[in-house]
Amino acid sequence: MIPWVVLFSLVATLPTPIPVRLEPTQARQLLGSAGGDTLPQTSDWTLVGPVGDSAVLLADGTQWKKIPWSQVGAISIETKLDTVTGWKGWIPDSKRLLLWGAMPQGQRISGQLNNGKGRSSTSLLDASIHGEIHPQVTSYLSLVAGLGWEKSLFSISPVLLTGDSAYPSGVGMVFGACGPFLCLEIQRHALPLTAESWYQGHLDSLITTKQAGNFWTGGANGPPTSAWERRLTMHLGWLVYRARWCAPLWSGSFQSLGLWDLPAGPVRFGAGLEWTADRAATRFSIASAPIRWTLGSGRGFAVDLVPLSFSMAYRRMGEFQMVAQTEIQFPENLSIPLPWKSR
């Protein structure tokens, strides 16, 4: 997501007012410096200004409060307002650029249903529950750790797949590190078939004849087992590129590129491409905007609920993948105290 500060800096460089998206924590700080108010229960905040000598704060797209423009310039979360105009005002400096590549933060718990069907293949369905945390080590480094449970609900006959009549299930996990613009992660797949398996044509034949396909290879040398996937993620604002490798399950890389989590009032949406060496699909996503609650007194503890997020990748009739997800987010960052910092 393109950080609000990048747009905020443009307020100072352009002669006309423009909207600037704010995170709830930043809206809270802005209102705290302006006298303090009880915030509405929303995570959709926008600042428009300058409008005369004021800035207008919108909640869910509706005007909620006017703030003196001089007060806006005083908040500590905002980069220094300069007076550069013209085309030079559009060139991000190093601080603005780093905000475009801001690291993931906070914690989240998600529940997901995943259904996919490849060409001449059985439809696959699995369910999962995952928890993930992003503790921050320094200003330029955060860690990623996650744990989850996954289960196949229906798929190719489990007897053919694993030699067991029970549908597979197990514990998956993810570990990684993130810096500006980049995350490197490893993920353990507990299931013998993952979300990418629908890219394999004639997946049923691969499992029954034990011969590797052009993409999916898990099962060619016996029953598929759990495997570790390597993952690289690069992002610049809303633009995200991912590359994934998992030699025990598929051949080559699985890549994607798209614009995600674009705000549009009460919803978020995105679109992009994903591909293997010889197959590609278009993915679309839509989600409700986070609904925020603040627990506790004073500053409180923020909790966001995303009731429904839906995405669909499509190649042609009968070749698709659909994902439905519910997510709870804890946006406050978790910091790790380092011994040398306390000295």
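The following refers to the structure shown. These figures come from a predicted structure and were not determined experimentally.

### Comments concerning the nonpolar core
A general trend in soluble globular proteins is that nonpolar side chains are found buried together.
Part 1 of the argument: With 18 residues, the main nonpolar core has Leu193, Tyr199, Leu203, Phe215, Trp216, Leu249 and Trp250 as its most contacted residues.
Part 2 of the argument: For this core, the element with the highest residue contribution is helix H6 (residues 203-209), accounting for three residues.
Part 3 of the argument: For phenylalanine 215, the contacting residues outside a window of four places in its chain are Glu196, Tyr199, Gln200, Leu249, Trp250, Ser251, Phe254 and Thr276.
Part 4 of the argument: Residues Ala27, Leu31, Leu47 and Ala59 belong to the second largest nonpolar core, which totals eleven residues.

### Here we look at the packing of aromatic side chains
Aromatic rings in a pair are described by how distant their centres are and how their planes are angled relative to each other.
Part 1 of the argument: For the coordinates displayed, the defined rule picks out six aromatic pairs.
Part 2 of the argument: Taking 5.3 Å as the distance between ring centres and 75° as the angle between the ring planes, the aromatic pair formed by tyrosine 199 and phenylalanine 254 counts as edge-to-face. On the criterion of sequence distance, the pair formed by tyrosine 199 in the loop between strand S9 (182-189) and H6 and phenylalanine 254 in strand S12 (residues 253-264) is long-range, its members being 55 residues apart.
Part 3 of the argument: Exposure remark for phenylalanine 254: the relative accessible area of 6% places this residue in the buried category.
Part 4 of the argument: By the ring-pair criterion, three or more aromatic residues cluster together here, those being Trp198, Tyr199, Phe215, Trp216, Trp250 and Phe254.

### Concerning the pattern of salt bridges
Part 1 of the argument: Tallied over the entire structure, the rule returns eleven salt bridges.
Part 2 of the argument: Here arginine 244 makes a salt bridge to glutamate 196, at a shortest N to O gap of 2.6 Å. Of this pair, arginine 244 sits in strand S11 (residues 239-245) while glutamate 196 sits in the loop between S9 and H6; the two residues are 48 residues apart in sequence, bridging distant segments of the chain. Grouping residues by exposure puts arginine 244 and glutamate 196 together as buried.
Part 3 of the argument: In this structure, arginine 292 engages aspartate 304 in a salt bridge whose closest nitrogen and oxygen atoms are separated by 2.6 Å. Residue arginine 292 is found in strand S15 (residues 291-295), and its partner aspartate 304 is found in strand S16 (residues 301-316); the two are separated by twelve residues along the sequence.

### A short note on the environment of isoleucine 109
Part 1 of the argument: Checked against the element boundaries, isoleucine 109 lands in strand S5 (residues 106-117).
Part 2 of the argument: Considering only alpha carbons, one finds isoleucine 109 and leucine 305, 196 residues apart in sequence, at a separation of 9.8 Å.
Part 3 of the argument: Sequence-distant contacts of isoleucine 109, that is, excluding residues within four places in its chain, are made with His130, Gly131, Thr326, Glu327, Ile328 and Phe330.

Rules used in this analysis
- Residues numbered from 1 in each chain as written.
- Predicted model: local features only at pLDDT ≥ 70, side-chain atom pairs only at ≥ 80, totals over all residues.
- Heavy atoms only, no water.
- Core = buried A, V, L, I, M, F, W, Y, C linked by side-chain atoms within 4.5 Å.
- Buried < 20%, exposed > 50% of the residue type's maximum accessible area, 1.4 Å probe, protein only.
- Helix = DSSP H or I, 4+ residues; strand = E, 2+ residues; numbered from the N terminus.
- Contact = heavy atoms within 4.5 Å.
- Phe/Tyr/Trp six-rings, centres within 6.5 Å; stacked < 30°, edge-to-face > 60°.
- Salt bridge = Lys/Arg side-chain N within 4 Å of Asp/Glu carboxyl O.

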